[in-house]
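What follows is each chain in one-letter form.
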Amino acid sequence: MPQPQTSPDVLYTGLFINNEWHKSKSGNTFGTINPTTEQTIAEVQSAGKEDVDFAVKAARQAFKLGSPWRRMDASDRGRLLYRLADLMERDQVYLASLETLDNGKPYSMSYNVDLPVAIKNLRYFAGWADKTHGKTIPMDGEFFTYTRHEPVGVCAQIIPWNFPILMMAWKLGPALATGNTIVLKPAEQTSLTALYIAQLVKEAGFPEGVVNVLPGMGETGAFLANHQDVDKVAFTGSTDVGKLIQLASGNTNLKRVTLELGGKSPNIILADADMDYAVETAHFGLFFNMGQCCCAGSRTFVEDKIYDEFVERSAERAKKRAIGNPFELTTEQGPQVNQEQMEKILGLIKTGQDQGAKIVAGGKRPEGLPGYFVEPTVFADVQDNMTIAREEIFGPVQQLIRFKKLDEVIERANNSDYGLAAGIFTKDLDKANYLVNGLRAGTVWVNTYNALAAQAPFGGYKMSGHGRENGEYALSNYTEVKSVIIKVPQKNS
């Protein structure tokens with residue numbers, strides 16, 4: 001792994017519209033903060049309503065019938081996505097370094113996980129560009145009937161701060177492969193890599209207006225969600241904001257909406273599981289990305305007969321987790337993304353203590369370390385009705401919960417507003433399959449956790465959202481099906 005650029009230059013802080021850089025019409029900016037040092041990295045332009053109107057108009061013009069984008073061969077759309085992936089790979093060290101500076105995640109993770117997975121995602125959907133198509137249908141009567149899979153149109157894409165580059169790739173890939181145009185809003189906490197990738201979009205050769213990137217605060221996303229000329233919103237983030245976007249659709253033009261929202265995912269450890277492997281993988285399933293992961297295994301259900309040993313080993317592992325400067329290659333855990341998140345996590349830790357859960361590791365800010373750090377924390381004796389077992393903490397806090405029977409744990413695992421993911425650890429495949437069938441979650445991992453790839457769909461049940469990212473399933477989020485029925489003099493088989 002190459003060494004990081006610990007002070008990468010910030011090259012772009014403006015609004016990217018029509019393949020050009022602009023300042024906000026209001027002149028408003030916001031600071032983006034380095035969560036490791038608590039210092040401002042740069043001032044970024046903040047898009048207001050006029051800027052949103054300008055970007056949506058540019059995207060609409062690029063989608064106009066007869067435009068270069070609409071007339072482009074599907075295979076050439078794929079070639080542009082391949083070029084974008086190649087450019088990201090060329091600049092992988094810089095992008096990984098900028099991601100670590102702005103987000104706080106370890107450089108080793110940015111370089112070895114986020115960038116490669118994002119690049120693979122774009123290449124996967126590049127391959128789909130000329131392979132998604134309609135059907136000819138043997139309709140009754142004297143008719144020739146076929147379907148067209150047409151792009152939805154202008155898509156607003158609002159992405160979160162926990163995986164900025166990866167979430168941008170998840171959104172761009174299927175939307176561009178199917179011929180849509182985009183106005184993308186990155187999270188205000190982590191806009192810098194999205195803006196650099198916007199410049200790579202231009203370098204790759206995408207026509208003007210096809211991809212527009214608007215940094216801004218929450219109101220920027222609200223302007224997009226309520227815009228009458230936006231055909232679809234794709235959002236990844238909190239359930240509360242997802243509800244607002246769904247309402248905005250209903251209150252305006254019934255734009256298409258896909259939502260990938262929060263989770264409180266159960267991770268079920270059976271007594272026959274390999275103890276060392278289960279402890280380490282459950283640790284990874286929770287503490288990955290500082291716990292800032294929507295599918296984190298944040299309710300770890302452990303079978304009664306191994307519970308005490310599992311608690312002891314989990315606490316030992318958490319205490320060994322390397323926390324510190326995210327540019328150090330040995331660091332496992334960097335800071336939380338900002339002060340607000342850190343304070344929320346610390347508040348929920350206190351709530352857990354107040355409600356009777358037992359801290360066996362961590363529980364506070366590390367001493368003598370600037371930045372928004374929280375110690376890797378493990379709770380034992382957690383009950384299902386406790387706040388820390390119900391609410392998404394989105395931080396490095398593992399809850400260990402005791403269970404005795406399979407049917408009991410299925411019912412308890414499903415007793416949640418969320419249904420994003422779940423994990424199962426066992427050597428008994430009959431038990432594994434029984435649990436798989438019973439769990440209400442969009443992804444169920446068996447003897448692994450956080451295994452994600454472009455080929456496999458990802459999304460949630462219940463209040464974890466609707467629609468699927470990744471895989472062939474993601475393409476349907478970005479297409480409309482048109483039936484074409486033509487009267488013919490005579491139909492023959």
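Please refer to the structure placed before this passage.
Overview of the structure. Please read all numbers here as calculations on a predicted model, not as lab measurements. (Residues numbered from 1 in each chain as written. Predicted model: local features only at pLDDT ≥ 70, side-chain atom pairs only at ≥ 80, totals over all residues. Heavy atoms only, no water.)

This part covers the overall build of the chain. Helix and strand content of the chain: 15 helices and 22 strands. Since a compact globule built from 493 residues should have a radius of gyration of about 23 Å, the 23 Å found for the chain is in line with a globular shape. Residues classed as buried in the chain amount to 58% of the 493 residues present. Here the chain displays about 20,200 Å² of accessible surface, and carbon together with sulfur accounts for 49% of that area. Charge separation in the chain, taken as the distance between the mean sites of 51 positive and 57 negative side-chain charges, equals 5 Å. (Helix = DSSP H or I, 4+ residues; strand = E, 2+ residues; numbered from the N terminus. Rg over C-alpha atoms; globule rule 2.2 N^0.38 Å. Buried < 20%, exposed > 50% of the residue type's maximum accessible area, 1.4 Å probe, protein only. Areas by Shrake-Rupley, 256 points an atom, 1.4 Å probe, with all protein chains shown as cover. Lys, Arg positive; Asp, Glu negative; His and termini not counted. Charge placed at Lys NZ, Arg CZ, Asp CG, Glu CD.)

It is worth spelling out helix H7 (residues 192–204) at this point. Over its 13 residues, H7 runs 19 Å from end to end, which matches the ideal 18 Å to within 8%, given 1.5 Å per residue. Buried residues dominate H7, accounting for 11 of its 13 residues. Restricting attention to buried positions, one finds in H7 the residues Leu192, Thr193, Ala194, Leu195, Tyr196, Ile197, Ala198, Gln199, Leu200, Val201 and Ala204. Just downstream of H7, glycine 205 is the residue with a positive phi angle, here 110 degrees. (Expected span 1.5 Å × (residues − 1).)

This part is about the sheet that holds strand S18 (residues 421–425). Pairing is mixed in the open sheet, where seven strands are placed in the order S14-S15-S16-S13-S12-S18-S19. Pairing within the sheet leaves two strands with one partner each, and these edge strands are strand S14 (358–361) and strand S19 (443–446). Geometrically, the sheet is characterised by an average inter-axis angle of 25 degrees between neighbouring strands, direction not taken into account. Where strand S12 (residues 266–269) and strand S13 (residues 299–303) come together, four bridges link them in parallel fashion. Residue pairing in the sheet places asparagine 267 in a bridge with threonine 300 of S13. (Pairing = 2+ DSSP bridges. Axes fitted to C-alpha atoms, helices over the stretch in contact; angles between N-to-C directions.)

Within this structure, the stated rule accounts for 14 aromatic pairs. Relative to phenylalanine 458, the ring of tryptophan 170 has its centre 5.7 Å away and its plane inclined at 65 degrees; by these criteria the two rings are edge-to-face. Note that tryptophan 170 is positioned in helix H6 (residues 164–177) and phenylalanine 458 in the loop between S19 and strand S20 (461–462), a separation of 288 residues in sequence. The two residues tryptophan 170 and phenylalanine 458 agree in class, both being buried. For the pair tyrosine 277 and phenylalanine 425, a centre-to-centre distance of 6.0 Å together with 55 degrees between the ring planes defines the contact as tilted. With tyrosine 277 in helix H10 (residues 275–287) and phenylalanine 425 in strand S18, the pair connects residues that are 148 residues apart, well separated along the chain. Exposure remark for phenylalanine 425: the relative accessible area of 1% places this residue in the buried category. An aromatic cluster of at least three residues, connected via ring pairs, comprises Tyr12, Phe16, Trp21, Tyr94 and Tyr196. Above the face of the phenylalanine 54 ring, lysine 25 is positioned so that its terminal group lies 5.0 Å from the ring centre. (Phe/Tyr/Trp six-rings, centres within 6.5 Å; stacked < 30°, edge-to-face > 60°. Lys NZ or Arg CZ within 6 Å of the ring centre and 35° of its normal.)

Bringing the nonpolar core into the picture now. If you look at soluble globular proteins, the nonpolar side chains tend to sit buried side by side. Counting 97 residues, the largest nonpolar core has Leu84, Met88 and Phe206 as its most contacted members. Looking at this core element by element, the count peaks at 11 residues for helix H5 (residues 107–128). By size, the runner-up hydrophobic cluster in this structure holds 28 residues, among which are Met342, Ala357, Phe403 and Ala422. (Core = buried A, V, L, I, M, F, W, Y, C linked by side-chain atoms within 4.5 Å.)

Moving on, we come to the environment of methionine 109. Positionally, methionine 109 belongs in helix H5. Sequence spacing of methionine 109 and phenylalanine 288 is 179 residues, and the spatial spacing of their C-alpha atoms is 9.4 Å.

For the structure shown, the criterion picks out 27 salt bridges. Linked by salt bridges that have partners in common, Glu280, Arg317, Arg321 and Glu332 make up one network. (Salt bridge = Lys/Arg side-chain N within 4 Å of Asp/Glu carboxyl O.)

Right, let's get into the environment of isoleucine 137. Among the secondary structure elements, isoleucine 137 is positioned in strand S5 (residues 136–137). Residue class for isoleucine 137 comes out partly exposed when judged on its relative accessible area of 38%. Taking the C-alpha atoms as reference, isoleucine 137 lies 9.5 Å from serine 483; in sequence the two are 346 residues apart. Residues contacting isoleucine 137, with those up to four places away along its chain left out, are Thr145 and Thr147. (Contact = heavy atoms within 4.5 Å.)

This part takes up unusual backbone geometry. Even without being a glycine, leucine 254 presents a positive backbone phi close to 50 degrees. If you trace the backbone, leucine 254 turns up in the loop between helix H9 (239–251) and strand S11 (256–260). Under the relative-accessibility criterion, leucine 254 is labelled exposed at 58%. The phi torsion at phenylalanine 394 lies on the positive side, around 60 degrees, for a residue other than glycine. As for its position among the elements, phenylalanine 394 is in the loop between helix H13 (387–390) and strand S16 (397–403). When its relative accessible area of 15% is taken as the criterion, phenylalanine 394 is described as buried.

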